[in-house]
Amino acid sequence: MTMLKKNHGKTLRSFVLGAVGALLTVSSMNAMAFKESGKIIAGSDVTFYPYEYMKDNKPAGFDIEFLDGLAKVMGRESVTLDTRWANLIPGLRGGRFDITNSAMYITEERLKVIDMIPYLKSGVSILSVKGSDYQPKTPEDFCGHTIGSMAGTAWLKPVRKVSAEYCEANGLEPIKINEYPTDPQTTQAMLSRAIDAQITDAAVASGIVERLGNRVTLSSDTLLYPVLNGFGVKKGNDEVKEALIAGLEKYKKTPEYEALLKKYHFQAPTEEDLKTLMSN
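Thresholds applied
- Residues numbered from 1 in each chain as written.
- Predicted model: local features only at pLDDT ≥ 70, side-chain atom pairs only at ≥ 80, totals over all residues.
- Heavy atoms only, no water.
- Axes fitted to C-alpha atoms, helices over the stretch in contact; angles between N-to-C directions.
- Helix = DSSP H or I, 4+ residues; strand = E, 2+ residues; numbered from the N terminus.
- Parallel < 35°, antiparallel > 145°, perpendicular 65-115°, else oblique.
- Left-handed = near helix turned anticlockwise from the far one by under 90°.
- Contact = heavy atoms within 4.5 Å.
- Nonpolar A, V, L, I, M, F, W, Y, C, P; charged D, E, K, R; others polar.
- Phe/Tyr/Trp six-rings, centres within 6.5 Å; stacked < 30°, edge-to-face > 60°.
- Buried < 20%, exposed > 50% of the residue type's maximum accessible area, 1.4 Å probe, protein only.
- Salt bridge = Lys/Arg side-chain N within 4 Å of Asp/Glu carboxyl O.
- Disulfide = S-S within 2.5 Å.
- pLDDT = per-residue confidence, 0-100.
- Core = buried A, V, L, I, M, F, W, Y, C linked by side-chain atoms within 4.5 Å.
- Pairing = 2+ DSSP bridges.
- Right-handed = clockwise from strand over helix to strand, strands pointing away.

All right, on to the packing of helix α6 (residues 183–191) against helix α7 (residues 202–212) then. Orientation of α6 relative to α7, taken along the N-to-C sense of each, is 55 degrees, at an axis distance of 12 Å. When the interaxial angle is binned, α6 and α7 end up oblique. As α6 runs across α7, the sense of the crossing is right-handed. Contacts between α6 and α7 involve Asp183, Thr187 and Leu191 from the first element and Val204, Ile208 and Leu212 from the second. When grouped by side-chain class, the residues that make up the contact of α6 with α7 number 4 nonpolar, 1 polar and 1 charged.

Here is the structure:
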């Protein structure tokens, strides 16, 4: 009986220690890290030329090349999961991928639910149908018109603010906004005259003009709502966040980094940009 009790005690202790070990392992996994060894898995809406788009059935564009270069200096391989824009943050928070890599603007609202690491300065432009009488320069010119945009974008909030605080406050008709799942669908809506103009990222707008220059034109002449683009990281996933920050510092010192910015006519954010735009 004594031996049975001793053996039972040892068995119980072994079980408890094993259970604790398992819990620690689960806890460590829950503390989060990269999903797969040697890889960095990114969610991207691959419909946003020139940042990310499909070419020869493969993801291409600035963000795709940027992450490839960054992953290389981190000793990893980048993997892109094509994900519609509205599902990027939910997918990140649900653990579907390590980061978002989709020209995502850093905003106060997004920083409440995910961490973001800046890597590029951007802003917004306005597109209109070439030859049309309506050529808006600024959002204040949208009063009484129907404007199209990809759904869930950061610039919709300030445009709605212009509608309420400028248009309606001055006795003008409000701005009507039609939202579409992708940017190309928004452009098609404008070409079919379902909307009067399109508001989108400045680089995307330039890309649309480059491809459809005989049909559309850049009607705004200044960069609107300057912001920083950032990688999204799930809150609490410090391993990925810190690895990205360290990797960016290394990548910025490579000739490939400068060559990529030059290729796409982009500029890295300055220290002043980081100071002012990250605090907005």
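Okay, back to it.
Another aspect to go through is the packing of aromatic side chains. Taken as a whole and assessed by the stated rule, the structure comprises 14 aromatic pairs. Measuring from centroid to centroid gives 5.8 Å for Phe48 and Tyr51, while their planes differ by 20 degrees, and the two rings are stacked. Here Phe48 matches Tyr51 in class, with each residue buried. Measuring from centroid to centroid gives 5.2 Å for Phe66 and Tyr119, while their planes differ by 40 degrees, and the two rings are tilted. Here the residue Phe66 occupies a position in helix α2 (residues 62–73), and Tyr119 occupies one in strand β6 (residues 114–129), the gap between them amounting to 53 residues. Classification of Phe66 by relative accessible area gives buried; the value is 1%.

Side-chain pairs of opposite charge can arise whenever the charged atoms involved come near each other. With the rule as written, the count across this model stands at 10 salt bridges. Of the charged contacts in the structure, one is a salt bridge between Glu65 and Lys263, with a shortest N-O distance of 3.0 Å. With Glu65 in helix α2 and Lys263 in helix α9 (residues 255–264), this pair connects stretches of sequence that are 198 residues apart. By relative accessible area, Glu65 is classed as partly exposed at 29%. One salt bridge connects Lys121 with Asp273, and the closest N-O pair in it is separated by 3.4 Å. One end of the pair, Lys121, is in strand β6; the other, Asp273, is in helix α10 (residues 271–277), with 152 residues separating them in the sequence. Take Lys121: its relative accessible area is 34%, and that puts it in the partly exposed class. Through salt bridges with shared partners, a single ionic network connects Asp45, Asp82 and Arg84.

This brings us to the state of the cysteines. Simply put, disulfide is the name for a covalent bond between the sulfur atoms of two cysteines. The full count for this structure, using the stated rule, is 1 disulfide. Two residues, Cys143 and Cys167, share a disulfide whose sulfurs are 2.0 Å apart. With the S-S bond torsion at -80 degrees, the cross-link from Cys143 to Cys167 turns out left-handed. Residue Cys143 is found in the loop between β6 and β7 (146–150), and its partner Cys167 is found in helix α5 (residues 156–167); the two are separated by 24 residues along the sequence. The class for Cys143 is buried, based on a relative accessible area of 15%. Its relative accessible area of 0% is what places Cys167 among the buried residues.

Attention now moves to the confidence of the model for the protein. Confidence in the prediction of the protein, expressed as mean pLDDT, is 89, and 88% of residues score 70 or more. Confidence drops under pLDDT 50 across residues 19–30; counting only partners more than four residues distant or on other chains, this segment forms 0 contacts.

A word on the side chain of Thr146. Secondary-structure assignment places Thr146 in strand β7. Residue Thr146 is classed as buried on the basis of its relative accessible area of 17%. Contact partners of Thr146, with chain neighbours within four places excluded, come to Lys176, Asn178, Ala194, Ile195, Asp196 and Ala197.

Formed by 70 residues in total, the largest nonpolar core has its most connected members in Tyr51, Phe62, Phe66, Ile99, Phe231 and Leu244. Counting residues per element, this core draws most heavily on β6, at 9 residues. Filtering out sequence-adjacent residues up to four positions away, Phe231 remains in contact with Phe66, Leu67, Leu70, Ile99, Thr100, Asn101, Asp115, Met116, Ile117, Tyr119, Leu244 and Leu248.

β7 sits mainly inside the fold: 5 of its 5 residues count as buried. Here β7 shows no split at all, with Thr146, Gly148 and Met150 on one side and Ile147 and Ser149 on the other all buried. Across 5 bridges, β7 lies against strand β8 (residues 176–180) in parallel orientation. Residue pairing for β8: Thr146 is matched across the bridge by Lys176. Once you follow β7 into α5 and on to β8, the crossover reads as right-handed. Across 2 bridges, β7 lies against strand β9 (residues 197–201) in parallel orientation. Within β9, the residue paired with Ile147 across the bridge is Ala197.

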